[in-house]
Amino acid sequence: MKDKSVIPGFGPTLGFTIFYLSILVVLPLSMLILKTTSLTWPAFWEAVASPRVLAAYRLSFGASLAAASINLVFGLLVAWVLVRYPFPGKGFIDMLIDLPFALPTAVAGIALTTAFSSGPIGRTLESMGINVAFTPLGIIVALTFIGLPFVVRTVQPVLKDLDRDVEEAAICLGANRWQTFINVILPVLLPAAFSGFAMAFARALGEYGSVVFIAGNLPMKTEITPLLIITKLEQYDYAGATAIATVMLFSSFAVLFLINRLSWWAHTQRSSKEAL
Amino acid sequence: MNIKIEHLRKNFSDFTAVNDVSFTVSESEFVTLLGPSGSGKSTVLRLIAGLESPDSGIIEVNGEDVTRIPVQERKVGFVFQHYALFRHMSILDNIAFGLKVRGVKRSVREAKAKELLHLVGLSGLDRRMPTQLSGGQRQRVALARALAPEPGLLLLDEPFGALDARLRKELRSWLKKLHERIKLTTLLVTHDQEEALELSDKVLVMNQGRIEQEAAPQAIFDKPATEFVAAFVGETNRVEAIVQDGEVYWGPLRFGSYYVPDGSKVTVHFRPNDVYVASQPGEAHTAGVIRSILFLGATESLEIELDKGHTITAHVPTGVAAQSGFHLGKEVYVSVTRSHIFFSLGSA
């Protein structure tokens with residue numbers, strides 16, 4: 001720490017970081033917990049563990065996980081195409097990726113609902129016996145849509161930096177395409193893909209705007225947790241709303257922590273070899 | 001493995017990288033492709049490996065046409081300039097990779113990898129990661145990795161290009177010893193003439209996609225076939241001379257007979273260490289004055305002005321220079337002991 005560095009120094013920067021995080025993250029979240037403490041234990045339990053709420057948790061976490069997983073696979077694919085192949089309209093497609101970020105989520109919700117209920121895609125799927133709108137599947141579609149940029153944007157730069165000669169070395173050593181991808185390329189992309197996955201998952205958990213339109217919001221079936229919180233608020237049940245929010249907060253934190261641990265573990269698997 | 005290359009050609013969109021290249025490499029031979037960057041030497045190597053496919057021409061290995069067979073089946077070991085090690089794998093896993101993809105059992109491939117690590121003089125580093133090794137060590141690991149699947153041919157693409165001068169020299173003599181030991185047919189690409197001359201049984205000098213000369217190192221240096229080779233390999237004095245009565249003249253210097261029409265212009269190359277410098281007239285009889293002296297360590301580089309407009313460079317061993325008392329402004333006598341004359345019709 002005593003080394004002179006370009007940035008003002010450890011003391012001021014750490015101080016600022018802690019202050020900043022306190023004001024922006026810790027303070028509002030503690031108010032949430034504080035508000036929740038106005039409930040008695042039985043009332044709290046009633047608010048966070050009723051069957052309707054439990055179903056919402058299941059749906060929120062399940063659909064978010066499914067959406068993030070879909071984005072993990074297809075995000076890798078999209079990043080691959082964008083980095084590896086030149087084709088006309090590449091710049092345009094690259095720009096499209098960011099659209100879910102820029103679009104107001106309500107607009108996305110209305111667009112998706114139109115497409116999948118009365119629109120041509122919806123009708124075609126319906127004729128095949130698949131209902132998207134107003135089902136959990138619709139929720140997954142919406143969450144996949146808003147989570148699309150994360151994996152693509154985390155993997156893209158890593159893939160760009162990947163040296164071609166490493167792949168060539170692998171094929172000269174006799175590896176076929178699949179072996180080269182699995183053994184040489186994927187391990188390098190995985191940490192970035194994981195953090196993209198974690199971000200897509202976190203975003204999906206909190207998503208509200210794009211989902212409410214396509215979900216149909218049937219209690220026990222297609223009601224996501226953020227919607228439940230809004231419902232409680234509309235009924236002036238502030239404590240109940242914050243109780244659910246608190247549970248969401250801690251479980252999201254736990255899941256993100258777990259994902260972080262996982263990628264840290266994957267990393268130290270390698271470092272432990274280094275130590276020997 | 002012996003290789004036969006016939007009329008190889010490769011174009012990249014707007015330029016010809018390899019232009020009608022033919023040569024052969026015999027079993028256990030160490031052959032070097034020497035040339036400036038952009039001369040097409042690396043492309044030839046990549047064509048032989050199968051990393052690029054030729055527009056035309058034939059690559060034969062042991063008499064068998066391999067021009068269109070995939071990289072994986074060619075049994076070549078390739079070493080890249082920037083090592084191309086797998087960053088996320090230990091040294092041992094890196095070396096064993098070629099065996100792993102062939103389905104060799106773990107115990108067998110690890111034993112083999114350790115053996116190779118020993119061969120390249122890095123025993124005990126098997127659990128390290130590539131980032132923990134120095135550049136020289138990484139390149140040795142890359143070599144061990146290329147040797148693991150027991151290739152019939154080793155291709156080295158500027159293998160010491162990313163290392164500092166001292167390390168290059170060290171690894172060069174190490175590689176020579178290794179080649180003498182394992183006798184694997186080897187093709188090296190380099191722009192470093194010292195590397196080429198020291199290591200090879202045969203040198204192919206390339207320029208603009210073509211082979212300018214194919215010969216033993218000594219012959220490349222002593223009998224350059226083209227002006228390009230003379231200028232590229234070793235230092236040289238290049239002068240434009242005129243032919244009179246079948247003799248080549250440049251100012252007060254005469255370079256012997258050359259039978260082209262009188263008045264023709266020819267280019268003469270002679271090496272600074274082929275200039276004999278004496279302080280008294282005798283064998284050396286062309287007078288000149290020392291205009292600058294550069295100390296190069298074992299030799300001194302003298303610039304000698306013969307008369308107005310005719311200045312040459314001579315390299316003299318430092319001891320000889322001291323003995324003869326060479327200093328700025330001293331009058332000396334020179335003769336050129338060996339020169340190479342080139343005549344092209346276009347310059348007549």
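Starting from 1, residues in each chain are numbered consecutively following that chain's sequence as written. To read the labels, note that chains go from A and ligands from 1, taken in the order they are written. Whole-chain, interface and lining totals are the exception, using all residues; otherwise, since this is a predicted model, local features are given only for residues with pLDDT of at least 70 and side-chain atom pairs are given and counted only at 80 or more. Side-chain metrics in this entry use all non-hydrogen atoms of the structure; hydrogen atoms and water are not considered.

Here's the deal with the overall build of chain B
Phase 1: To qualify as a helix, a DSSP run of H or I must reach at least 4 residues; to qualify as a strand, a run of E must reach at least 2; elements of each kind are numbered from the N terminus. Within chain B one finds nine helices and 20 strands.
Phase 2: Throughout this description, buried means an accessible area under 20% of the type-specific maximum (1.4 Å probe, protein chains only), exposed means over 50%, and partly exposed covers the range between. Within the span of chain B, comprising 348 residues, buried residues form 51% of the whole.
Phase 3: Contact criterion: two residues are considered in contact whenever any of their non-hydrogen atoms come within 4.5 Å of each other. Look at the contacts in chain B between residues 6 or more apart in sequence, and 65% of them connect residues 24 or more apart.
Phase 4: Summed over its atoms, the accessible surface of chain B is roughly 15,700 Å², and 48% of this surface lies on carbon and sulfur atoms.
Phase 5: A positive count includes Lys and Arg, and a negative count includes Asp and Glu. His and the chain ends are not counted in either. The location of each charge is read from NZ of Lys, CZ of Arg, CG of Asp or CD of Glu. Here chain B carries 40 positive and 42 negative side-chain charges, and the mean point of each set is 9 Å from the other. Surface accessibility in these figures is a Shrake-Rupley result with a 1.4 Å probe; residues are shielded only by whichever protein chains are displayed.

Quick word on the packing of aromatic side chains
The way to describe two aromatic rings as a pair is by their centre distance and the angle between their planes.
Phase 1: Pairing of aromatic side chains requires ring centres within 6.5 Å, counting the rings of Phe and Tyr and the six-membered ring of Trp. Pairs whose planes differ by under 30 degrees are stacked, by over 60 edge-to-face, and all others tilted. This structure, assessed with the given rule, holds eleven aromatic pairs over all chains.
Phase 2: On the numbers, 5.5 Å between centres and 10° between planes, the contact of Phe228(B) with Phe232(B) is stacked. Taken as a pair, Phe228(B) and Phe232(B) lie in helix α8 (residues 227-232) at a separation of four residues, close to a single helical turn.
Phase 3: Every member of this aromatic cluster is reached through a ring pair, and the members are Trp80(A), Trp178(A) and Phe181(A).
Phase 4: The side chain of Arg140(B) reaches across the aromatic face of Trp174(B), ending 5.3 Å from its centre.
Phase 5: One residue, Arg271(B), lies across the ring of Phe221(B), its end atom 4.2 Å from the ring centre. Any Lys NZ or Arg CZ found within 6 Å of a ring centre and within 35 degrees of that ring's normal is scored as a charge over the ring.

Notes on the sheet that holds strand β5 (residues 64-65) of chain B
All names here are of chain B.
Phase 1: Paired strands, as defined in this entry, are two strands with at least two bridges between them according to DSSP. Spatially, four strands are ordered β2-β1-β4-β5 in an open sheet, and the strand pairing comes out antiparallel. A single partner strand is all that each edge strand has here, and the edge strands are β2 (15-25) and β5.
Phase 2: Summarising the sheet, strand β1 (residues 3-12) and strand β4 (residues 56-61) pair through five bridges and their orientation is antiparallel. Paired with isoleucine 5 across the strands is isoleucine 59, a residue of β4.

Examining the confidence of the model for chain B
All names here are of chain B.
Phase 1: Here chain B shows a mean pLDDT of 91. Residues at 70 or above account for 99%.
Phase 2: Residue-level confidence of the predictor is summarised by pLDDT, bounded by 0 at the bottom and 100 at the top. The secondary-structure element of chain B with the lowest mean pLDDT is strand β13 (residues 253-257), recorded at 85, while strand β3 (residues 30-34) shows the highest, at 96.
Phase 3: This prediction of the complex comes with two scores: 0.80 for pTM and 0.83 for ipTM.

Digging into unusual backbone geometry
Phase 1: With a phi angle near 65°, Ser28(B) is a residue other than glycine that sits in the positive phi range.
Phase 2: Looking at the element boundaries, Ser28(B) is found in the loop between β2 and β3.

Observations concerning the packing of helix α2 (residues 41-49) of chain A against helix α3 (residues 51-84) of chain A
All names here are of chain A.
Phase 1: Between α2 and α3, whose axes approach to 5 Å, the crossing angle comes to 50°. One element, α2, and the other, α3, form an angle in the oblique class. Counting all contacts with α2, which are made through Ala47, Val48 and Ala49, the residues of α3 involved are Pro51, Val53, Leu54 and Tyr57.
Phase 2: Residues belonging to the contact of α2 with α3 are distributed by class as follows: seven nonpolar, no polar and no charged. For every element, the axis is a line fit to its C-alpha atoms; helices are fit only across the contacting stretch, and the angle between N-to-C directions ranges from 0 to 180 degrees. Angular relationships are summarised with four words: roughly parallel below 35 degrees, roughly antiparallel beyond 145, roughly perpendicular across 65 to 115, and oblique for the angles in between. Residues were grouped as follows: Ala, Val, Leu, Ile, Met, Phe, Trp, Tyr, Cys and Pro as nonpolar; Asp, Glu, Lys and Arg as charged; and all remaining residues, including Gly, as polar.

What about the nonpolar core?
Residue and element names in this part refer to chain B.
Phase 1: We call a set of buried Ala, Val, Leu, Ile, Met, Phe, Trp, Tyr and Cys residues a nonpolar core when their side-chain atoms join them within 4.5 Å. By size, the foremost hydrophobic cluster in this structure holds 42 residues, and its most contacted members are Phe23, Ile48, Phe78, Phe86, Phe97, Leu155 and Leu187.
Phase 2: Setting aside residues no more than four positions away along its own chain, phenylalanine 23 makes contact with Ile3, Lys4, Ile5, Val44, Ile48, Leu187, Leu204, Ile211 and Glu214.
Phase 3: By size, the runner-up hydrophobic cluster in this structure holds 35 residues, among which are Leu117, Leu143, Phe160 and Leu178.

Digging into the side chain of Lys202(B)
Residues and elements named next belong to chain B.
Phase 1: Considering the arrangement of structural elements, one finds lysine 202 in strand β9 (residues 202-207).
Phase 2: Taking the relative accessible area as the measure of exposure, lysine 202 reaches 13% and is therefore buried.
Phase 3: We define a polar contact as two N or O atoms separated by no more than 3.5 Å, with the added condition that, inside protein, one atom must be a possible hydrogen donor and the other a possible acceptor, whereas residues neighbouring each other in sequence contribute only through side-chain atom pairs. For lysine 202, the side chain forms a polar contact with the main-chain oxygen of threonine 24, separated by 2.7 Å.
Phase 4: Other than its neighbours up to four places away in sequence, lysine 202 contacts Thr24, Glu29, Phe30, Val31, Thr32, Glu214, Ala215, Ala216 and Pro217.

A short note on the domain arrangement of chain A
Residues and elements named next belong to chain A.
Phase 1: An automatic or database domain assignment provides the domain bounds reported here. Each assigned domain of chain A is listed with its residue range as follows: domain 1 (1-37) and domain 2 (43-275).
Phase 2: Summarising the inter-unit geometry, the C-alpha centres of domain 1 and domain 2 are found 28 Å apart.
Phase 3: Domain 1 puts five residues into the contact, and the matching count from domain 2 is nine residues.
Phase 4: What gets called buried area is simply the loss in accessible area from a 1.4 Å probe that two parts show on being joined, summed for both. The junction of domain 1 with domain 2 conceals about 560 Å² of combined surface from both sides, 83% of it contributed by carbon and sulfur atoms.

Topic: the pattern of salt bridges
Residue and element names in this part refer to chain A.
Phase 1: Put simply, a salt bridge is a Lys or Arg side-chain nitrogen that is within 4 Å of an Asp or Glu carboxyl oxygen. Inspection of the entire model under this criterion finds 24 salt bridges over all chains.
Phase 2: The salt bridge involving glutamate 167 is made with arginine 84; its shortest N-O contact spans 2.6 Å. Taken as a pair, glutamate 167 in helix α9 (residues 164-172) and arginine 84 in helix α3 lie far apart in primary sequence, 83 residues in all. The pair glutamate 167 / arginine 84 is uniform in exposure class, with both members buried.
Phase 3: For arginine 153, the salt bridge identified is with aspartate 98, shortest N-O distance 3.0 Å.

Structural notes on empty space enclosed by the protein
Over the atoms, a rolling probe the size of a water molecule traces out where space has been left empty.
Residues and elements named next belong to chain B.
Phase 1: Here the term cavity refers to a set of points on a 1 Å grid, laid over the protein atoms alone, in which a 1.4 Å probe fits but cannot get out; the term pocket refers to an open set having protein on both sides within 12 Å along at least five of seven lines, with lining residues being those that place an atom within 4 Å of a point. Grid points are joined across faces, edges and corners, and a volume is the space filled by probe spheres set on the points. Tallying each qualifying case throughout the model produces six cavities of 30 Å³ or more.
Phase 2: In this structure, the largest cavity occupies an estimated 60 Å³ of space.
Phase 3: Lining the largest cavity are Val79, Gln139, Arg140, Leu143, Leu156, Pro159, Phe160, Leu171, Trp174 and Leu175.
Phase 4: When contributions to the lining of the largest cavity are tallied by element, the ones reaching two or more residues are α4 (135-147) and α5 (165-182).

Some remarks on the layout of surface pockets
Phase 1: What the largest pocket holds in volume is close to 670 Å³.
Phase 2: Taken together, 18 residues line the largest pocket, and the ones lying closest to its centre are Trp80(A), Arg84(A), Glu167(A), Arg177(A) and Ile185(A).

Brief notes about the pairing of strand β18 (residues 310-317) of chain B
Residue and element names in this part refer to chain B.
Phase 1: Inspection of the sheet shows strand β17 (residues 299-307) paired to β18 by eight bridges, in the antiparallel sense. Counted as the bridge partner of aspartate 307 is histidine 310 from β18.
Phase 2: Hairpin connection from β17 to β18: two residues lie between these consecutive antiparallel strands, with glycine 309 at a positive phi of about 90°.

With respect to the sheet that holds strand β19 (residues 331-336) of chain B
Residue and element names in this part refer to chain B.
Phase 1: Strands sit in the order β15-β19-β16-β17-β18 across an open sheet of five strands; the sheet is antiparallel. Each of the sheet's edge strands pairs with one partner strand only, and the pair in question is β15 (275-278) and β18. Going across the sheet, the axis of each strand differs from the next one's by a mean of 45°, ignoring polarity.
Phase 2: With four bridges connecting them, strand β16 (residues 286-295) and β19 associate as antiparallel partners.

What to know about the domain arrangement of chain B
All names here are of chain B.
Phase 1: Taken domain by domain, chain B holds domain 1 (3-232) and domain 2 (237-345).
Phase 2: Computed over C-alpha atoms, the centres of domain 1 and domain 2 are 39 Å apart.
Phase 3: Taken together, the ten residues of domain 1 in the interface contact seven residues of domain 2.
Phase 4: Between domain 1 and domain 2, roughly 720 Å² of surface is buried when both sides are summed, and carbon and sulfur atoms account for 51% of that area.
Phase 5: Among the residues of domain 1 in contact with domain 2, Phe221, Asp222 and Glu227 are the three that bury the most area, contributing 63% of the side total.
Phase 6: For the pair domain 1 and domain 2, the number of links is two salt bridges.

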